[in-house]
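Geometric and topological summary
Here is what each chain is made of, one letter per residue.
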Amino acid sequence: MTDQAVQTPVSSNPAGHPERVFSGVQPTGNLHLGNYLGAIRNWLPMQDEKPCIFCVVDLHAITAGFEPDLADKTREIAAAYIAAGIDPEKSIVFAQSRVPAHAELAWILNCVARIGWLDRMTQFKEKAGKNKERVSVGLYAYPVLMAADILAYRGTHVPVGEDQKQHLELARDIAQKFNNDLNVPGFFPQPEPMILGPTPRVMSLRDGKAKMSKSDMSDLSRINLKDSDEEIAAKIRKARTDPEPIGGTLEEIDARPEASNLIGIYAALSGKTKAEVLEIYDGAQFSTFKGELADLTISVIGPIRDRMAALLTDKGEIDRVLNRGAERAVEIAMPILAETKKAAGFL
C-alpha cells in the first residue's frame, strides 16, 4: 500500500516494547449495540491480560464538523465505558484532546505518511462521497491521527473491526517508515490487530447490507444503549427480515442479510455460535424469534443503560475519572513524544 516498498520484519516489536492495548470510540451521536458488541464488550477481558488505554477520541469527532455539546457527549462515552465494565483503576480512560501528544505527534506523522497512501483509504471515499472538495482536511488525515493515537503510547495491540483494519495497516506502514527513514530500528512497534468476538460487524436493522451506524438517519436502524425496554422491543419487532422461516446452513443464512444479522446479534448476546442458534430455532418464524431476541437484548443492554444514567447524574465524578486518566496518559505519552522529536532532529 506504500509508494516505497516496506519489508515487514519477522517481529512487529523487535525492540521489545511493553505490550499495551489502545482503542477508542468517537463521542458523536448515541452509542449503539454495534459499538457494544463490536468493541466495548470485547475490551473487558483485556483489562486482566495487558495494560489497556481506552480513549474517548474527541479530536476525531470534529473532522465532520464542530458540535456544541461535545463535552457532554464525551462524558456519555466515558459513562458507557464504565457502565459496561471498564474499570478506570485497571485501565486508563481519558479524552484524547486532554493529551497534547496526540495532535503534536500527528503532525510529525503527517510528514511521514504519503498522499498516495491516504488516497487509498476506502472509509474516506465512503464518507466524502461526491463532496470530496468540501470535506475537511481533518477527515482526510483522520487515519494519521489514528496512527498517532496508537503510537503515542507505543501501542502493540489494537482491537479493531473489519472496517478499521485498513487504517491499522496504515499505522503500521507509518511506524516502519519513520523507523527506516530516521534509522531508529524498533523505535515504534508495528501494532497488531485484535479481531475479537463472534460479531465484529453488526448491521442495520433496516438494511442487512449496511453497518449499524450512529449517522443513519433512521433511529429504527439501531439499538441505542440509551433506549428504553419498550424502544428496544419495538425496534427489533420492526427489524427487516425476509418471509422465510429460520433454517438452512450457515452459507444459506448468510445469503439472507437481514436474517443473518438478527441471528448473529442473538449469537453474540447469548455467547452461542450462529450454528447453535440456527439449530435451536430451526423452522421457527421470525415473529417468535424477534420476541426472544428482544428479551435477550433488554437483559444485556438494560443494566448498562441504567448504570450509565446513574453515572451521568454526577458529571463532576465523570470529569474526575477523565482528568485522572489524562494525567496517567500524559505520563506515558509525553516521554515518547520527546524521544520522537529528538529522533526527528528537533531541539
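Conventions we followed
- Residues numbered from 1 in each chain as written.
- Predicted model: local features only at pLDDT ≥ 70, side-chain atom pairs only at ≥ 80, totals over all residues.
- Heavy atoms only, no water.
- Helix = DSSP H or I, 4+ residues; strand = E, 2+ residues; numbered from the N terminus.
- Rg over C-alpha atoms; globule rule 2.2 N^0.38 Å.
- Buried < 20%, exposed > 50% of the residue type's maximum accessible area, 1.4 Å probe, protein only.
- Core = buried A, V, L, I, M, F, W, Y, C linked by side-chain atoms within 4.5 Å.
- Contact = heavy atoms within 4.5 Å.
- Phe/Tyr/Trp six-rings, centres within 6.5 Å; stacked < 30°, edge-to-face > 60°.
- pLDDT = per-residue confidence, 0-100.
- Pairing = 2+ DSSP bridges.
- Axes fitted to C-alpha atoms, helices over the stretch in contact; angles between N-to-C directions.
- Parallel < 35°, antiparallel > 145°, perpendicular 65-115°, else oblique.
- Left-handed = near helix turned anticlockwise from the far one by under 90°.
- Nonpolar A, V, L, I, M, F, W, Y, C, P; charged D, E, K, R; others polar.
- Polar contact = N/O pair within 3.5 Å; in protein donor to acceptor, adjacent residues only side chain to side chain.
- Expected span 1.5 Å × (residues − 1).

**Details of the overall build of the protein chain**
For the protein chain, the helix and strand inventory stands at 14 helices and five strands. Relative to its length of 347 residues, the protein chain is compact, with a C-alpha radius of gyration of 21 Å against a globular reference of 20 Å. Viewed in the frame of its principal axes, the protein chain has a C-alpha envelope of about 70 × 45 × 40 Å. Going through the 347 residues of the protein chain one by one, you find that 52% of them count as buried.

**Concerning unusual backbone geometry**
In this structure, Arg154 is a non-glycine residue whose phi angle is positive, near 50 degrees. Relative to the assigned elements, Arg154 resides in the loop between helix H7 (137–151) and strand S4 (157–159). Judged by relative accessible area, which is 10%, Arg154 ranks as buried. Unlike most non-glycine residues, Asn183 shows phi in positive territory, near 55 degrees. Structurally, the position occupied by Asn183 is in the loop between helix H8 (165–181) and strand S5 (192–194).

**What to know about the nonpolar core**
The biggest cluster of nonpolar side chains holds 57 residues, and the ones touching the most others in it are Leu33, Tyr36, Trp43, Tyr81, Leu269, Phe289 and Leu293. Discounting residues that sit within four places of it in the chain, Trp43 has contacts with Ser23, Gly24, Val25, Phe54, Tyr81, Ile86 and Pro159. Counting residues in each nonpolar core, the second largest holds 47 residues, with Val112, Val160, Val184 and Ile332 among its members.

**Considering helix H1 (residues 33–43)**
Burial within H1 is extensive, with 10 of its 11 residues counted as buried. Within the sequence span of H1, burial applies to Leu33, Gly34, Asn35, Tyr36, Leu37, Ala39, Ile40, Arg41, Asn42 and Trp43. Next to the buried residues of H1 lie strand S1 (21–25), strand S2 (52–56), helix H3 (70–84), S4, helix H11 (257–270) and helix H13 (286–311).

**Thoughts on the packing of aromatic side chains**
Inspection of every chain in the model, using the stated rule, returns 12 aromatic pairs. For the pair Trp43 and Tyr81, a centre-to-centre distance of 5.2 Å together with 75 degrees between the ring planes defines the contact as edge-to-face. With Trp43 in helix H1 and Tyr81 in helix H3, this residue pair connects regions lying 38 residues apart in the sequence. Here the two residues Trp43 and Tyr81 agree in accessibility, since each one is buried. An angle of 35 degrees between the planes, with centres 5.4 Å apart, marks the rings of Tyr266 and Phe289 as tilted.

**Topic: the confidence of the model for the protein chain**
In the predicted model, the protein chain carries a mean pLDDT of 92, and the fraction of residues at 70 or more is 95%. Within the model, pLDDT remains below 50 along residues 1–10, and this stretch shows 21 contacts once partners closer than five positions in the same chain are excluded.

**What about the pairing of strand S3 (residues 92–95)?**
Across the two faces of S3 the burial is the same, with Ile92 and Phe94 and Val93 and Ala95 all buried. By the bridge criterion, four bridges tie S2 to S3 in an arrangement that is parallel. From the neighbouring strand, Val56 faces S3, where its bridge partner is Ala95.

**Overview of the packing of H3 against H13**
Contact pair H3 / H13: the axes reach a minimum separation of 8 Å and the direction vectors enclose 130 degrees. Looking at the two axes, H3 sits oblique to H13. Seen from above, H3 lies across H13 with right-handed handedness. Listed contacts from H13 to Glu76, Ala79, Ala80, Ile82, Ala83 and Ala84 of H3 are Ile304, Arg307, Met308 and Leu311. Here the residues of the contact of H3 with H13 sort into eight nonpolar, no polar and two charged.

**Some remarks on the environment of Arg75**
By secondary structure assignment, the location of Arg75 is in helix H3. Along the chain, Arg75 and Pro27 lie 48 residues apart, while their C-alpha atoms are 8.4 Å from each other. Residue contacts for Arg75: discarding those within four places in its chain leaves Leu312, Lys315, Ile318 and Asp319. Here Asp72 takes part through its side chain, which lies 2.8 Å from a polar atom of the side chain of Arg75.

**Observations concerning H8**
Counted at 1.5 Å a residue, the expected span for H8 with its 17 residues is 24 Å, and the 24 Å between its end C-alpha atoms agrees. Within H8, 12 of the 17 residues are buried, which leaves the element mostly enclosed by the surrounding structure. Immediately beyond the C-terminal end of H8, within one or two residues, lies Asn183, with a positive phi of roughly 55 degrees.

**A few points about the packing of H7 against H8**
Their axes nearest at 9 Å, the elements H7 and H8 cross at an angle of 65 degrees. By the angle class used here, H7 and H8 are roughly perpendicular. In the crossing of H7 with H8, the sense of the turn from one axis to the other is right-handed. Contacts from Tyr142, Pro143, Val144, Met146, Ala147, Ile150 and Leu151 in H7 reach His167, Leu168, Leu170, Ala171, Ile174 and Ala175 in H8. In the contact of H7 with H8, the residues fall into 12 nonpolar, one polar and no charged.

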